[in-house]
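Okay, here's what each chain looks like letter by letter:
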Amino acid sequence: MRIGFLGTGTITSAVVTGIAADAHTITISRRNPNRSTDLAARFGNVSVAENQQVVSQSDLILVGLMAQTAREILPTLTFRPDQIVASFMADMPLAECAALITPAKAEAIVIPFPAIAHGGSPVLICPPSRVLAQVFGVSNHVVPLTNETALTTYMAAQALLSPVAKLLAETADWMATRTGDQAGAERFLRILIGGALTAANYNQPSALRALLNDLNTEGGLNAELREFFAAKGVFDELIQGLDQLERRLKL
Ligand SMILES: NC(=O)c1ccc[n+]([C@@H]2O[C@H](COP(=O)([O-])OP(=O)(O)OC[C@H]3O[C@@H](n4cnc5c(N)ncnc54)[C@H](OP(=O)(O)O)[C@@H]3O)[C@@H](O)[C@H]2O)c1
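Residues numbered from 1 in each chain as written. Predicted model: local features only at pLDDT ≥ 70, side-chain atom pairs only at ≥ 80, totals over all residues.

Regarding the environment of A172
Thought 1: One can find A172 in helix α8 (residues 161-179).
Thought 2: With 19 C-beta atoms counted inside 10 Å, the residue A172 sits in the partly exposed group.
Thought 3: Along the sequence, A172 and A185 sit 13 residues apart, while their C-alpha atoms lie 5.1 Å from each other.
Thought 4: The contacts of A172, once residues within four sequence positions are left out, are Q182, A185, E186 and L189. (Helix = DSSP H or I, 4+ residues; strand = E, 2+ residues; numbered from the N terminus. Buried ≥ 20, exposed ≤ 12 C-beta atoms within 10 Å, placed from the backbone. Contact = placed C-beta atoms within 7 Å.)

Written out as structure tokens, the structure is:
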């Protein structure tokens, strides 16, 4: 497929890296020049062009701009009715994007994550789209969402990644002050947590509850640390934090 990217920032670079091996012809905005030049040099099927050329020579256009920039740039570009547009902008309703790219079709909001560059990462697609599932599902996991309220919930929940990384980093530091081996501590924790989470098939229902059950030996170390956290109110605070993000995203 001929795929164009408007805006060559952090997320576009990750997506291009993640899908470049999938036999597409990819055109990316000259901006950001360092990133666009680097991507074109790394992948033979990636070329750099001005914004209008990106649009004109693509069947699917992915908008990797900040929302305010998109409001200024998209109306200056000419789209065709046979083109499909998907937006990476979670903070712009799809209806608004549709009005900016008419007469092309605003297919969906697509939220990839930087790990898409390496594969195995979730890609939120709202509403579900067969063509976008084909593009993003080759080496990553498509998560279809039927409405933008659900997208808001998922956007709030994805922010859990940073506190989880912080918990692991703090634990690795704590270990290293005792063992003197920071790298070994990080490696151990990443394998421990990653392995436990990916052991069950992703389609297995209640896999997290099953894992908690397995880690619930009475008097066991896991159960003791979890109950220590619960007594300190950590899990209640987590829900409050998620509620706060949800309120912000609904504004
Ligand atoms: N980062 C993430 O993990 C992530 C994940 C999902 C969705 N998103 C969404 O994706 C969008 C982009 O995020 P980002 O993190 O990739 O931001 P970013 O790194 O700041 O990228 C924005 C890109 O837009 C370019 N740009 C600015 N003006 C332009 C113009 N007139 N024509 C063409 N390109 C122009 C910038 O180029 P210059 O550098 O030359 O100014 C830059 O390449 C945002 O709406 C964000 O919410 C981001």
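Okay, back to it.
Structural notes on the site of the ligand
Thought 1: Close to the ligand lie 24 residues, the nearest being G7, G9, R31, N32 and F88.
Thought 2: Residue assignment for the shell around the ligand shows that the elements contributing at least two residues are α1 (10-19) and α4 (67-73). (Near = placed C-beta within 6 Å.)

Details of the environment of L242
Thought 1: In this fold, L242 is placed in helix α12 (residues 234-250).
Thought 2: For the pair L242 and A156, spaced 86 residues apart in the sequence, the C-alpha separation amounts to 6.0 Å.

Comments concerning the nonpolar core
Thought 1: Of all hydrophobic cores here, the largest spans 43 residues; its most connected members are V16, V63, V85, V110 and I125.
Thought 2: The element that contributes the greatest number of residues to this core is strand β6 (residues 105-111), accounting for 5 residues.
Thought 3: Sequence-distant contacts of I125, defined by excluding residues within four places in its chain, comprise A108, V110, L132, A133, F136, V142, V143, P144 and L145. (Core = buried A, V, L, I, M, F, W, Y, C linked by C-beta atoms within 7 Å.)

What about unusual backbone geometry?
Thought 1: Residues R31 and N32 are joined by a peptide bond in cis, for which omega reads -15 degrees.
Thought 2: By secondary structure assignment, the location of N32 is in the loop between β2 (25-29) and α2 (33-42).
Thought 3: The omega torsion across T102 and P103 is 10 degrees, close enough to zero to call that bond cis.
Thought 4: Summarising the element assignment, P103 is placed in the loop between α5 (94-100) and β6.
Thought 5: Residues other than glycine seldom take positive phi values, yet S206 does so here, at roughly 55 degrees.
Thought 6: Along the chain, S206 turns up in the loop between α9 (182-198) and α10 (207-214).
Thought 7: A tally of 10 C-beta atoms within 10 Å means that S206 is categorised as exposed.

What about the domain arrangement of the chain?
Thought 1: Each assigned domain of the chain is listed here: domain 1 (2-146) and domain 2 (161-250).
Thought 2: The C-alpha centroid of domain 2 is placed 33 Å from the C-alpha centroid of domain 1. (Domains from an automatic or database assignment.)

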